[in-house]
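Understanding the architecture of this molecule
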Amino acid sequence: MSHVGVATHDMEATIAFYTGILGFPVVADHVTEIGQGGRVRQVYFDIGADTYFVFMESKGVPEIPENFPTGINEALGTPAGMFHFSFNLETREELVARQNALVNQGIEVSDIIDLGHADSIFFFDPNNLQLEFCWHSRRFDASDMGKRSTADLA
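Rules used in this analysis
Residues numbered from 1 in each chain as written. Predicted model: local features only at pLDDT ≥ 70, side-chain atom pairs only at ≥ 80, totals over all residues. Heavy atoms only, no water. Pairing = 2+ DSSP bridges. Helix = DSSP H or I, 4+ residues; strand = E, 2+ residues; numbered from the N terminus. Contact = heavy atoms within 4.5 Å. Axes fitted to C-alpha atoms, helices over the stretch in contact; angles between N-to-C directions. Phe/Tyr/Trp six-rings, centres within 6.5 Å; stacked < 30°, edge-to-face > 60°. Core = buried A, V, L, I, M, F, W, Y, C linked by side-chain atoms within 4.5 Å. Buried < 20%, exposed > 50% of the residue type's maximum accessible area, 1.4 Å probe, protein only.

1. As for the sheet that holds strand S7 (residues 118–124)
With mixed pairing, four strands are arranged side by side in an open sheet as S5-S8-S7-S6. Each end of this open sheet is capped by a strand with a single partner; those strands are strand S5 (85–89) and strand S6 (113–114). Note that S6 and S7 share two bridges and pair antiparallel. What sits directly across from Ile113, in S7, is Ser120. Where helix H3 (residues 92–104) meets the sheet, it contacts S5, S7 and strand S8 (130–136), and its direction lies at approximately 20° from that of S7.

So, in structure tokens, the structure goes:
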């Protein structure tokens, strides 16, 4: 994967969160003037491993509502947390440090959740996107495969 593109209504708050809170540097900031009116600004954040998180902000573009939902779950009508973005950490100590740093900056963060193969924390960005920092404690193995009922096999 090269990048994930999502939307924001407040690029400055998004930049402040992703650079100041999460420490992801901005590597590109482009503004495109739309021929029919308005503009689209795209800001690329380097999240590591040659992958980028890209936020797009539209202003005054015909046929793009000014206040559409930026949270994926809200836009799709799915329960909160169904779709979220996960960032991998190398150690459990990094996970604890990230959790403490977020709490110290006033971000509401979940407890560390044991997912069996990984430990994770969950929180929201200013765009109502749920984010996860995750430390994989082991590789997936056969114990991670669920058993199917006969109804599932029909």
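Having seen the structure, we can now continue with the description.
2. Details of the packing of aromatic side chains
Summed over the entire model, instances satisfying the criterion amount to 11 aromatic pairs. A ring pair is formed by Tyr18 and Phe45, whose centres lie 5.3 Å apart and whose planes are at 40°; its orientation type is tilted. With Tyr18 in helix H1 (residues 11–21) and Phe45 in strand S3 (residues 39–48), this residue pair connects regions lying 27 residues apart in the sequence. Through a chain of ring-to-ring contacts, three or more aromatic side chains come together here, namely Phe17, Tyr18, Phe24, Phe45, Phe53, Phe55, Phe85, Phe87, Phe123 and Phe133.

3. Quick notes on the nonpolar core
In terms of nonpolar packing, the biggest core is built from 25 residues, with Tyr18, Leu22, Phe53, Phe123, Leu131 and Phe133 touching the most fellow members. Of all the secondary-structure elements, those providing two or more residues to this core are strand S1 (3–7), H1, S3, strand S4 (51–59), S5, H3, S7 and S8. For this core, the element with the highest residue contribution is H1, accounting for four residues. Contacts of Phe53, omitting those with residues within four sequence positions, involve Val4, Tyr18, Val43, Tyr44, Phe45, Ile47, Phe85, Phe87 and Leu131.

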